[in-house]
Amino acid sequence: MQDLNEFIREISEIYDKDSNDTFVSLYINRGSDKKIIDKRIQTCKSILKGHELDNFSKTMDEIDNFLRSSNIKHPIAIFASHKYNFINSIQLSVPIDSSLVVDSSPYIRPLARIQDEWESFTLVLISTNYAKLFSVSLGKVEHTKKLSKDIMNKHKKGGCSQARFNRLRRGAIHAFFVEVKEALEKIADERIILAGPGNAKQQFRELLPKNLQDNIIETIGIDIDDEKELLKESKYLISEKEKQKGHDAVIKLKQEILKDGLAVYGVQETLNAVKNGQVDLLLIQKDIKLHGWICEHCQVANKGTASKCPYCNGEVSEVDVLEEILEFAKRTDAEIEFTSDEELSNLGHVGAILRFK
Ligand SMILES: [Zn+2]
């Protein structure tokens, strides 16, 4: 599958600076939801007029052709515009809420949220003679590697001395761990979960270089056969950590605001900062949309309503201003954190930790 981060980054660069309702963003779970989408299509057609209606109809035809001609097995996000002869899509391994948005730029918020909520990680299940490595991305196991080695467990009477046997056994285990380490170094994610029975995982950990040790976010004691249970537990753990990250970020934001440090909050301040490329971490409240407008020509936006752009006197588009902030943030490689933390609503539903001031 495509890299979601790169995809979002690419899509966030696209906008139509001359016209309002150019891009169609369609999120759909294959097979289901057709009725919801058909209804949305009818609604959009009844509202759009002139060349915007014409562009919309043609864009929808192209999306239809694309869906018919490609072999799609997963939920999919499609972004298209007939006017720009543009169509791009990404298949997702997690379910999405169906939606259809017509706007002056692709609507990326659902994708950005998936990226935030389904962080990838590497799982290492290890004992003294068996190891399995899993790469989990967007909630799905994408890659597995199995390693094992015959390691003698019992000292036979009449063979070498007990001490010599122990030495040989330790050596064999060490060699096996080195093999696993080398395999792990090739695929390790920024987040690693280390699991397995007994002390093996701890010994293995000590063998790892510091950067990999630092990436270990949790150690789980579990039987070597409990693979299914382990995957379940790991996914849960990652999603809990993600929620915690959201709360921690809000706390950090508040601290920075209190000491008048590297932080902004509220739509206006955050917009300015994100357009200046100052934002290191953007915090957005989940499930909140804020009514606003944008002039794509001047790339100026704000909350509330405006009949004309105050700079060029041109037409403005009505938008969810949080989406616009998000698009600016993606273009400047800011990290995005969605949070359900209530405290953020008191600060205007959006805020940011800054790179500089
Ligand atoms: Zn303007």
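In what follows, the structure referred to is the one given above.
Residues numbered from 1 in each chain as written. Predicted model: local features only at pLDDT ≥ 70, side-chain atom pairs only at ≥ 80, totals over all residues. Heavy atoms only, no water.

Some remarks on the environment of aspartate 189
Cut-off, in case you're wondering: Secondary structure elements follow DSSP: runs of H or I of four or more residues count as helices, runs of E of two or more count as strands, with numbering from the N terminus. Burial here depends on accessible area, computed with a 1.4 Å probe over protein chains only, as a share of the maximum for the residue type. Under 20% is buried, over 50% is exposed, and the range in between is partly exposed. Here, residues are in contact when the closest pair of their heavy atoms is within 4.5 Å. Contacts described as polar in this section are N or O atom pairs within 3.5 Å, which, within protein, must combine one atom able to donate a hydrogen with one able to accept it, while residues neighboring in sequence count only if both atoms come from side chains.
Mapped onto the elements of the fold, aspartate 189 is located in the loop between α5 (162–187) and β8 (192–196). Overall, aspartate 189 belongs to the partly exposed group, its relative accessible area being 21%. For the pair formed by aspartate 189 and arginine 169, sequence separation is 20 residues and the distance between their alpha carbons is 31 Å. Leave out the neighbours within four places in its chain, and aspartate 189 touches Ser120, Phe121, Thr122 and Asn215. Side-chain polar atoms of aspartate 189 contact the side chain of serine 120, separated by 2.9 Å.

Points about the coordination of the zinc ion
The reference angle at a metal is 109.5 degrees if four donors form a tetrahedron and 90 or 180 degrees if six donors form an octahedron. Put simply, the rule is: A donor here means any N, O or S atom no more than 2.8 Å from the metal (3.2 Å for Na, K and Ca); water is not included, so a site may seem to lack partners. Each label reflects the angles at the metal, where four donors whose angles all fall between 85 and 135 degrees are tetrahedral, four or six donors whose opposite pairs open beyond 155 degrees and whose other angles stay between 65 and 115 are square planar or octahedral respectively, and the rest are irregular.
Within the protein, the atoms that donate to the zinc ion are Cys295 (SG), Cys298 (SG), Cys309 (SG) and Cys312 (SG), at distances of 2.2 to 2.4 Å. In this structure, the zinc ion is surrounded by four donor atoms whose angles at the metal cover 105 to 117 degrees, and the resulting shape is tetrahedral. In primary-sequence terms, the residues that donate to the zinc ion follow C-x2-C-x10-C-x2-C. Here cysteine 312 lies in the loop between β13 (300–303) and β14 (317–320) and cysteine 295 lies in strand β12 (residues 291–295), a separation of 17 residues in the sequence. The partly exposed category is assigned to cysteine 312, whose relative accessible area is 34%.

Overview of the side chain of glutamate 324
We count it as follows: By the counting scheme adopted, Arg and Lys are positive, Glu and Asp are negative, and His together with the chain ends is not counted. Whenever Lys or Arg places a side-chain nitrogen within 4 Å of a carboxyl oxygen from Asp or Glu, that contact is recorded as a salt bridge.
For glutamate 324, the location among the structural elements is in helix α10 (residues 321–331). This buried residue, glutamate 324, is left without a salt bridge; arginine 331 holds the nearest opposite charge, at 5.6 Å. Aside from chain neighbours lying at most four places away, what touches glutamate 324 is Asp103, Ser105, Ile294, Glu296 and Val319.

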